[in-house]
Amino acid sequence: MTDRQKTSSGMRLNGLTLAPPQVLGGVRLVPLIRSGHREDLRLSPRVYSEEFAFVEIDPKTVYTSYVPHGLVANWTTDGGAVYGSQMALAAKKKDGKSYGRFMTARGLRKMARREGKTQLRFLPLHVAMEGLLALHFGGPDIAWTEYSTAVMRTGLSPRSETVVPGDQIAGLDDALRLFEIHENQVGMLVFVSESLASAFVVPHPDDYTALHHTLITDFYGELIWQFGCYATENVMFPEPINMQSIESIADLRREVDALRRRWNRFNTMMSPALFDRAYHSERVYRFKPFSLERFVTDLDPSAENHIGEAIYADDGTLQYLKTYRLSSAQTRRAYLLSQLAGQDWDLERCAETLDCRKNELILRLENAGFGYLLHQHVLDEARATEKKRLKSGLSGVSRADLLS
């Protein structure tokens, strides 16, 4: 682990209050309120109109995806306010090159690119997704005989994941369009069918007003799309106000404050993957006094996992956040890669760690979409061996049973 990487236990939304949610069908939107915001960091959108973009990560690596917009961070180093004219100029700045007429593409350099002394452009969510795709991207360092020649030569390239645009999530468009934006609102937790789909935070209330509509152009996990298709009317609420105890305006104010606290606890309880889970983060870009990081939760296959990116000020306050929930298949792929890399890509040792047979691990890798990592004869042999075990009735006997 380098000095750019760290492991933390649970995200802290310092200075942010979770307001009572707004609910439409199976979509629950929880506004995030910041009473005291900074003026020395502002975010503004930069729209890209092309069908897709390709981003040069390094001379040998290109990231390709639909990128509807980027975010431009403007800041000051002396704590002074960022003026609107600076943000207007940032939004109009030429960024990359557009190609094609019928099928158009935009070529960009770097996920996060410095554009001036106090200006940084980065691609929201794609910073985090590129980190997931790059997870152990180099492949094995040792020339194990089971791995294919192509993997030993080029690593996991090409590596891809499938996502769903926000306008395909049932009810999300209507919910974002109909519900009001609160005073001092700087973010939103988006739940679909009572599952956290995304968290979004910006430094300033005016930034949130300008970026609120971008939530529909963000991408979400396939699992969230499925939840949206089958979601039913939300019926989960905390204990309501006790009407019998209200005899004055002061009593009503007390009960309302108590209800807001119950909503805050309730909404926090609904987001265990965000507040209660360990996550690993990596600093992507440092621009004093702020840092842009990307993170991934601990990839526990039995729990929900998120990736995301965040901007922290040096005082530890969260200024920007955007998250994406991984599907079970995406979690499984990342988990298997982490386990393999943790055992130096030794299949035998990795199988022992996972308490399974080597052939079972090979078939798990194939089912997860990593069959191309291995030689064809290795896959064929694993299938044949497991098939024989199934025929002989030993498939349900565990390794421990065989050894006992």
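Check the entry above for the structure.
Summary of the structure given here. A quick note: this is a predicted structure, and the numbers were derived from the prediction, not measured.

## What to know about the sheet that holds strand β9 (residues 97–99)
Line of reasoning, step 1. Spatial ordering of the open sheet is given by β7-β6-β10-β9, a layout of four strands whose pairing is mixed. At either margin of the open sheet sits one strand with a lone partner, and together these are β7 (61–65) and β9. Adjacent strand axes in the sheet meet at a mean angle of 25°, parallel and antiparallel pairs treated alike.
Line of reasoning, step 2. In terms of strand pairing, strand β6 (residues 52–58) meets β7 through five bridges, oriented antiparallel. What sits directly across from Glu56, in β7, is Val62.

## So, the state of the cysteines
Line of reasoning, step 1. Here the structure, examined in full by the defined rule, presents zero disulfides.
Line of reasoning, step 2. Not part of a disulfide, Cys356 finds its nearest cysteine sulfur in Cys350, a span of 7.3 Å.

## Some remarks on the pairing of strand β20 (residues 318–325)
Line of reasoning, step 1. Within β20, eight of the eight residues are buried, which leaves it mostly tucked inside the rest of the structure.
Line of reasoning, step 2. In terms of strand pairing, strand β15 (residues 195–201) meets β20 through two bridges, oriented antiparallel. The residue of β20 that forms the bridge with Phe200 is Lys322.
Line of reasoning, step 3. Pairing between strand β19 (residues 306–313) and β20: seven bridges, direction antiparallel. Bridge pairing links Ile307 to Tyr324 in β20.

## Some remarks on the packing of aromatic side chains
Line of reasoning, step 1. Tallied over the entire structure, the rule returns nine aromatic pairs.
Line of reasoning, step 2. Centroid distance Phe54 to Tyr99: 5.7 Å. Interplanar angle 35°. Geometry classified as tilted. Within this pair, whereas Phe54 is found in strand β6, its partner Tyr99 is found in strand β9, the two being separated by 45 residues in sequence.
Line of reasoning, step 3. On the numbers, 5.8 Å between centres and 40° between planes, the contact of Phe287 with Phe290 is tilted.
Line of reasoning, step 4. Overall, the relative accessible area of 0% leaves Phe290 in the buried class.
Line of reasoning, step 5. Here a set of aromatic residues connected by ring pairs shows up, and it is made of Trp75, Phe287 and Phe290.
Line of reasoning, step 6. Its end group placed over the ring of Phe200, Lys322 keeps NZ or CZ at 4.1 Å from the ring centre.

## What about the sheet that holds strand β8 (residues 69–75)?
Line of reasoning, step 1. Taken together, four strands build an open sheet; the order of strands is β5-β8-β12-β11 and the sheet is antiparallel. One side of each edge strand has no neighbouring strand; the edge strands of this open sheet are β5 (41–47) and β11 (112–116). Averaged over all neighbouring strand pairs, the angle between strand axes comes to 25°, with direction disregarded.
Line of reasoning, step 2. Here β5 runs beside β8; their pairing, made up of seven bridges, is antiparallel. When the sheet's bridge partners are listed, Val47 is paired in β8 with His69.

## Topic: the pattern of salt bridges
Line of reasoning, step 1. Following the criterion strictly, the structure yields 26 salt bridges and no others.
Line of reasoning, step 2. One salt bridge connects Glu115 with Arg46, and the closest N-O pair in it is separated by 2.7 Å. One end of the pair, Glu115, is in strand β11; the other, Arg46, is in strand β5, with 69 residues separating them in the sequence. Take Glu115 and Arg46: they sit in the same class, and that class is buried.
Line of reasoning, step 3. With a shortest N-O distance of 3.4 Å, Arg254 and Glu255 are connected by a salt bridge.
Line of reasoning, step 4. Here the salt bridges share partners, and the residues they tie into one network are Arg46, Asp95, Glu115 and Arg121.

Conventions and cut-offs
- Residues numbered from 1 in each chain as written.
- Predicted model: local features only at pLDDT ≥ 70, side-chain atom pairs only at ≥ 80, totals over all residues.
- Heavy atoms only, no water.
- Pairing = 2+ DSSP bridges.
- Helix = DSSP H or I, 4+ residues; strand = E, 2+ residues; numbered from the N terminus.
- Axes fitted to C-alpha atoms, helices over the stretch in contact; angles between N-to-C directions.
- Disulfide = S-S within 2.5 Å.
- Buried < 20%, exposed > 50% of the residue type's maximum accessible area, 1.4 Å probe, protein only.
- Phe/Tyr/Trp six-rings, centres within 6.5 Å; stacked < 30°, edge-to-face > 60°.
- Lys NZ or Arg CZ within 6 Å of the ring centre and 35° of its normal.
- Salt bridge = Lys/Arg side-chain N within 4 Å of Asp/Glu carboxyl O.

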